[in-house]
Amino acid sequence: PTGDTVFVPETGEKISYDGGSGYGFGVELEYQASRRLGIDFGVMTAEPTIDVLIDEVGVISASAQPRITPVYLGLNIHLAPDGPVDVYFGPLMAYIIYSSYDLVVDPWFLTEEGFTSDNDIGLGVSLGLDVRLGEGGWLLNAAFKYIDTTLVASAPDGGIGKTDIDPMVFSAGVGYRF
């Protein structure tokens, strides 16, 4: 996540946080509609760590790990579709599924359970590289995706907080072209 502030509309409060990296898994399929244009469909999921530090009343920290699952559709423009190395880029649209999560508060090690999240629709961009392995259909892939999305979460007491998550996703994989 690249966001850095949670906004609580009821109080007007802004709370800073650090978003950590999360590792995940994804599957992606691309249909070559023409030589240079591909229609890309994929789903990926990860659980990044979000650490909040509240220092107005001493040093209180909290952390959460919501599962973030974008299901996306994109258009890829291929620059060298027939070459051994192909660079592609394009826009994407994603439906982001946010899981419910618990908030662990230190130094007391309390767990505030049951934060629920609204799903969101986000727009983004994709940039990738395919490297063919020999004359067959196998290839190595590296890609970068950025998605503009907002997490709106409700606490068990009914309070609402929202933040821009805006994940930057770096991926590597193996593919087969047929």
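Provided above is the structure to which this section pertains.
Keep in mind it's a predicted model, so treat the numbers as computed, not measured. (Residues numbered from 1 in each chain as written. Predicted model: local features only at pLDDT ≥ 70, side-chain atom pairs only at ≥ 80, totals over all residues. Heavy atoms only, no water.)

Tell me about the side chain of D40, residues and numbers included.
Examined against the element boundaries, D40 turns out to sit in strand β4 (residues 37-46). Here D40 occupies a buried position and makes no salt bridge, while the nearest side chain of opposite charge, K145, is found at 4.4 Å. Contact partners of D40, with chain neighbours within four places excluded, come to E28, L29, E30, Y72, L73, G74, N76 and K145. (Helix = DSSP H or I, 4+ residues; strand = E, 2+ residues; numbered from the N terminus. Buried < 20%, exposed > 50% of the residue type's maximum accessible area, 1.4 Å probe, protein only. Lys, Arg positive; Asp, Glu negative; His and termini not counted. Salt bridge = Lys/Arg side-chain N within 4 Å of Asp/Glu carboxyl O. Contact = heavy atoms within 4.5 Å.)

An account of the nonpolar core is needed here, citing residue identities and associated values.
In terms of nonpolar packing, the biggest core is built from 17 residues, with Y17, A94, I96, Y98 and I165 touching the most fellow members. Mapped by element, the contributors of at least two residues to this core are β1 (5-8), β2 (13-19), β5 (50-54), β7 (68-78) and β8 (85-98). Element by element, the count of residues in this core is highest for β8, at four residues. With near-sequence residues (within four places) excluded, I96 lies in contact with I68, T69, P70, N119, D120, I121, G122, I147 and T149. (Core = buried A, V, L, I, M, F, W, Y, C linked by side-chain atoms within 4.5 Å.)

Which residues make up a negative patch on the surface, and what values go with them?
Taken together, the side chains of D4, D18, D51, D148 and D164 present a region of like negative charge at the surface. Of note, D18 is situated in strand β2. Classification of D18 by relative accessible area gives exposed; the value is 57%. (Patch = residues over 30% accessible without salt bridge, like charges linked within 9 Å, V, L, I, M, F, W, Y side chains within 5 Å. Areas by Shrake-Rupley, 256 points an atom, 1.4 Å probe, with all protein chains shown as cover. Charge placed at Lys NZ, Arg CZ, Asp CG, Glu CD.)

With reference to specific residues and values, describe unusual backbone geometry.
With the exception of glycine, the majority of residues adopt a negative phi angle, and the majority of peptide bonds are in the trans configuration. Phi at D166 takes a positive value of approximately 45 degrees, unusual for a residue other than glycine. Structurally, D166 can be placed in the loop between β14 (160-164) and β15 (168-176).

Tell me what's going on with the packing of aromatic side chains, and back it up with residues and numbers.
Tallying each qualifying case throughout the model produces four aromatic pairs. Measuring from ring centre to ring centre gives 5.0 Å for W138 and Y176, while their planes differ by 65 degrees; the resulting arrangement is edge-to-face. Of this pair, W138 sits in strand β12 (residues 138-148) while Y176 sits in strand β15; the two residues are 38 residues apart in sequence, bridging distant segments of the chain. Taking the relative accessible area as the measure of exposure, W138 reaches 48% and is therefore partly exposed. Take Y176: its relative accessible area is 46%, and that puts it in the partly exposed class. Through a chain of ring-to-ring contacts, three or more aromatic side chains come together here, namely W138, Y176 and F178. (Phe/Tyr/Trp six-rings, centres within 6.5 Å; stacked < 30°, edge-to-face > 60°.)

Can you tell me about the pairing of β1, naming the residues and giving the values?
Burial along β1 is one-sided: V6 and V8 are buried, while T5 and F7, pointing the other way, are not. Relative to β2, β1 is paired through four bridges, and the arrangement is antiparallel. By the bridge assignment, V8 is partnered in β2 with E13. Hairpin geometry of β1 and β2 is characterised by an intervening segment of four residues between the two adjacent antiparallel strands and by a positive phi of about 75 degrees at G12. (Pairing = 2+ DSSP bridges.)

Report on the environment of S99, specifying residues and quantitative values.
In this structure, S99 sits in the loop between β8 and β9 (101-106). With 53 residues separating them along the chain, S99 and A46 place their C-alpha atoms 11 Å apart. The contact partners of S99, leaving out residues within four places of it in the chain, are P66, R67 and S117. Here R67 takes part through its backbone nitrogen, which lies 2.8 Å from a polar atom of the side chain of S99. (Polar contact = N/O pair within 3.5 Å; in protein donor to acceptor, adjacent residues only side chain to side chain.)

How would you summarise the sheet that holds β4 if you had to cite specific residues and measurements?
An order of β3-β4-β7-β8-β11-β12-β15 is seen for the seven strands of this open sheet, with the pairing classed as antiparallel. Each of the sheet's edge strands pairs with one partner strand only, and the pair in question is β3 (24-32) and β15. Averaged over neighbouring strand pairs, the angle between their axes works out to 25 degrees when direction is ignored. Two elements, β7 and β8, share nine bridges in a ladder whose sense is antiparallel. Within the sheet, the bridge partner assigned to Y72 lies in β8 and is A94. (Axes fitted to C-alpha atoms, helices over the stretch in contact; angles between N-to-C directions.)

Keep in mind these numbers describe shape, not what the thing actually does.
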